[in-house]
Amino acid sequence: MKYRRVVGWLSMLVLSLVAVAPLSAQLPDGLDDYIEKVRTDWNVVGIAVAVVKDDSLVYAKGFGLRELGKPERVDEHTLFAIGSNSKAFTAAGIGILVDEGRMSWDDRVVEHLPWFQLYDPYVTREITVRDLLSHRSGLGRRGDANWYATDFSREEVVRRIRHLEPNSSFRSRAGYQNTMFLAAGLVTDAVTGVTWDEFIKSRIFQPLGMSRSNTSTLDLASDDNVASPHQPFDGTVKVIPYRNLDNVAPAGSINSSVWEMTHWLRAMLGEGEFAGERLLSDSVVREVHTPNIIYPMGPQTRKLFPSMHFSTYGLGWGLRDYQGRLVAGHTGGIDGMLSQVTLVPEEELGVVVLTNTSNRGSFNAITWYIVDSYLGVPTRDWNALFLQLNQEAEKAAAEQQRKREEGRVKATSPSLPLSEYVGTYDNDMYGTMTVSEEDGKLVCRRHTAFVGDLEHWHYDTFVAKWRDLSMSAGPGTEFTFTLGSNGKVTGVTVQGVDEFMRVEKPEPEGTEQ
């Protein structure tokens, strides 16, 4: 591998002057027990872990259950949702087209999607495919309510993004943007004439022997070894339905097993080759692992990784340094499923962890424990470190909720009878929402999944208790209605989303004065 062949006179000189820590080049002792302890400590129902080293599979195992309350256990072939680890596949798909000369990384998006439009006309004209794949559009981590649990098609999601105002200037700041990866998938459609799903299956899954991996939860019904998603509710873990992500698939819809994911890891560590066959050129692999935008490192990251000097994003991959080595990786999360993929190219080392419970931190504890062993550095109690961070986060969330409750003005009533809040509300980006009165309470409906019972909070603010099980965890979403100068409702602001303006109903015929 070229990563290990750079041994010119300069390297020899450096090695003669610097004492390099010896590599243990082995799995940590007692790994099975460690993973099981992590699973138990984090209350994760099922975990699968695999490790590749020097183009060989050295470890692949499952722990726990596919579904709580059922006997079937997780193994290395159990399918999980990998969430945003799908983004690297989308970037690789673009790379295949670049290899074939059918497009370039720096093509302007409008060359392939003439209808594509963002809020700023300048950005619309100048944004490139590279920008889509590196989170530097200026839109930030916003607008997910445009696709999450909505009935919009892929194209409609991208068309509506033109209404999202940027939160930073173009290319100046990293901002995680799922819709831009969806746009990259639509570019793939335009260039190839087939869907992103078909292209990923035929040009990546099939050559890598990933025969059970798929791009939609709809494909899971035909497989009998599938993990179910789980989510904690007030300390109790429950099974929840799979969240279908077909309308944002290039950003996060792939389902796979750790066994098949090791084929993907080996291809990326092998600079585009797998089992003697070339999937990508080495130049494409270098490109996706080349920094495009700086990611800020918070105090927690600096505390956990004191040897880290940079954090950046390539094309579908996060990039950082660790113990003097480049690390390429990504996490992924959808409702009830979390994943982590980590590559240390210079050591030809790759780790994949898939879990079926929304408890963040378990995959980190496992990944870095394995990486440290191969790098021969002193072992840290990663499990304890991430558990402590999680406890601090839970404490902060509880304090935030306490302050929210403290700020509630009690013994207040809505300004108007409930019937006056009933109506249709619209937002250019997020679509239409209705509010109805049912059994003496207000109920909001937006698309198929968003159905919430509005409980009065104070004044003209209500809190939606969502009927969808995945959405029901947490304190609920605030709906604050706005009254105009005539005392009538003019709109409603949905917490974390945007303002929806009331759509005036036409007067019935025969009522003109």
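Throughout this document, residue positions are counted from 1 along each chain, in the order its sequence is written. Local features in a predicted model are, by the rule used here, given only for residues with pLDDT of at least 70; side-chain atom pairs are given and counted only at 80 or more, and totals for whole chains, interfaces and linings are based on all residues. Only hydrogens and water are set aside when side-chain values are computed; all heavy atoms of the structure are taken into account.

1. Focus on the overall build of the protein chain
How we decide: Each helix is a run of H or I in the DSSP string that is no shorter than four residues. Each strand is a run of E no shorter than two, and both are numbered from the N terminus. We compute the radius of gyration over the C-alpha atoms and compare it with the globule rule, which gives 2.2 Å times the number of residues raised to the power 0.38. Only protein chains enter the accessibility calculation, which uses a 1.4 Å probe; a residue whose area is less than 20% of its type maximum is buried, one above 50% is exposed, and one in between is partly exposed. It only takes one pair of heavy atoms within 4.5 Å for two residues to be counted as in contact. For the purpose of charge, His is not counted, nor are the chain termini; Lys and Arg are scored as positive and Asp and Glu as negative. Taken as the charge centre is NZ of Lys, CZ of Arg, CG of Asp or CD of Glu, depending on the residue.
When you go through the protein chain residue by residue, the secondary structure sums to 15 helices and 22 strands. Radius of gyration (C-alpha) of the protein chain: 25 Å, near the 24 Å computed for a compact globule of 513 residues. Taking the principal axes of the C-alpha coordinates as reference, the protein chain spans close to 90 × 50 × 45 Å. When burial is assessed residue by residue, the protein chain has 53% of its 513 residues classed as buried. Residue pairs in contact within the protein chain that sit at least 24 positions apart in sequence constitute 63% of those at least 6 positions apart. Each charge class in the protein chain was averaged separately, 52 positive and 67 negative side chains, and the resulting centres sit 4 Å apart.

2. Examining the packing of helix α2 (residues 31-41) against helix α14 (residues 362-375)
Note the following rule: An axis is simply a line fitted to the C-alpha atoms; with a helix, the fit covers only the stretch in contact. Between two such axes, the angle follows the N-to-C directions and lies from 0 to 180 degrees. When describing relative orientation, an angle under 35 degrees is termed roughly parallel and one over 145 degrees roughly antiparallel, while 65 to 115 degrees is termed roughly perpendicular and anything else oblique. Left-handed is the label given to a crossing in which the near helix is rotated counterclockwise from the far helix by less than a right angle, and right-handed is the label when the rotation is clockwise. Any residue that is not Ala, Val, Leu, Ile, Met, Phe, Trp, Tyr, Cys, Pro, Asp, Glu, Lys or Arg is counted as polar, Gly included; the first ten are nonpolar and the last four charged.
α14 packs onto α2 with a crossing angle of 160° between their chain directions and a minimal axis gap of 9 Å. It follows from the interaxial angle that α2 and α14 lie roughly antiparallel. The crossing of α2 and α14 is right-handed. Note on element contacts: α14 touches α2 through S362, A365, I366, Y369 and I370, opposite L31, Y34, I35 and V38. Of the residues belonging to the contact of α2 with α14, the class tally is eight nonpolar, one polar and no charged.

3. Observations regarding the packing of α2 against helix α15 (residues 382-406)
Across the interface, α2 lies against α15 with an axial gap of 11 Å and an inter-helix angle of 15°. Regarding the angle of α2 to α15, the classification is roughly parallel. Relative to α15, the crossing made by α2 is right-handed. Where α2 abuts α15, its residues Y34, K37, V38 and D41 lie against W382, N383 and L387. Of the residues that constitute the contact of α2 with α15, the class distribution is four nonpolar, one polar and two charged.

4. Focus on the sheet that holds strand β14 (residues 349-355)
Inclusion rule: In this scheme, strands are said to pair when DSSP sees at least two bridges between them.
Within the open sheet, the eight strands sit side by side as β2-β1-β14-β13-β12-β11-β10-β9. Their pairing is antiparallel. Looking along the sheet, the strands with just one partner apiece sit at the ends: β2 (56-64) and β9 (293-294). Here strand β12 (residues 325-334) runs beside strand β13 (residues 337-344); their pairing, made up of seven bridges, is antiparallel. Paired with G329 across the bridge in β13 is T342. Lying over the sheet, α2 contacts β1 (46-53) and β2, oriented at roughly 40° with respect to β2. Running over the sheet, α14 touches β1, β2, β11 (318-322), β12, β13 and β14 and is turned about 160° from β14.

5. A few points about the packing of aromatic side chains
Any two aromatic rings considered together are summarised by their centre-to-centre distance and by the angle between their planes. Using the following cut-off: Between the rings of Phe, Tyr and Trp (Trp by its six-membered ring), a pair exists once the centres lie within 6.5 Å; its type follows the angle of the planes, with under 30 degrees stacked, over 60 edge-to-face, and the other angles tilted. Criterion for a charge above a ring: Arg CZ or Lys NZ at most 6 Å from the ring centre, at most 35 degrees from the ring normal.
Applying the stated criterion to the full structure yields 21 aromatic pairs. Judged by centre distance (5.5 Å) and plane angle (85°), the rings of F450 and W466 are edge-to-face. Of this pair, F450 sits in strand β18 (residues 450-458) while W466 sits in strand β19 (residues 461-466), and the two are 16 residues apart along the sequence. Here F450 and W466 have matching classes, each one buried. Feature note: the residues W147, Y148, F450, W466 and F479 constitute an aromatic cluster, connected by ring pairs. Residue placement shows K238 over the ring face of F233; its charged tip is 5.5 Å from the ring centre.

6. Thoughts on the sheet that holds β18
What the eight strands build is a closed barrel, ordered β15-β16-β17-β18-β19-β20-β21-β22; its pairing is antiparallel. When strand polarity is set aside, the average angle formed by the axes of neighbouring strands in this sheet is 30°. In terms of strand pairing, strand β21 (residues 489-494) meets strand β22 (residues 498-502) through four bridges, oriented antiparallel. Pairing of G491 across the sheet is with M501, part of β22.

7. Observations concerning the pairing of strand β5 (residues 236-239)
Pairing of strand β4 (residues 230-233) with β5 involves four bridges; the strand directions are antiparallel. Bridging from a neighbouring strand, P232 pairs with V237 of β5. Here β4 folds back onto β5 in antiparallel fashion, the turn holding two residues, of which D234 has a positive phi close to 50°.

8. Points about the nonpolar core
As a reminder, the rule being used: Side-chain atoms within 4.5 Å link the members of a nonpolar core, which is a set of buried Ala, Val, Leu, Ile, Met, Phe, Trp, Tyr and Cys residues.
Membership of the largest hydrophobic core comes to 105 residues, with the highest contact counts inside it found for F116, I204, W264, W317, F479 and F481. Contacts of W317, omitting those with residues within four sequence positions, involve A88, W264, M268, V288, H289, A328, G329, H330, V341 and L343.

9. Quick look at the pattern of salt bridges
Selection criterion: The salt bridge definition used is simple: a Lys or Arg side-chain nitrogen within 4 Å of an Asp or Glu carboxyl oxygen.
For the coordinates displayed, the defined rule picks out 30 salt bridges. Of the charged contacts in the structure, one is a salt bridge between R159 and E155, with a shortest N-O distance of 2.9 Å. In this pair, R159 and E155 both sit in helix α7 (residues 154-160), four residues apart, roughly one turn of the helix. Judged by its relative accessible area of 31%, R159 falls in the partly exposed class.

10. So, the confidence of the model for the protein chain
What counts is decided by this rule: The predictor rates its confidence in each residue with pLDDT, a number between 0 and 100.
Residues of the protein chain with pLDDT of at least 70 account for 93%, and the chain-wide mean is 92. Contacts from residues 1-23, a stretch scored under 50 in pLDDT, to residues over four places away or in other chains number 25 contacts.

11. Focus on unusual backbone geometry
Of note, A411 is a non-glycine position whose phi angle comes to about 60°, a positive value. Here A411 is to be found in the loop between α15 and β15 (423-427). Positioned with a positive phi, H447 is a non-glycine residue whose angle comes to about 55°. Looking at the element boundaries, H447 is found in the loop between β17 (441-446) and β18.

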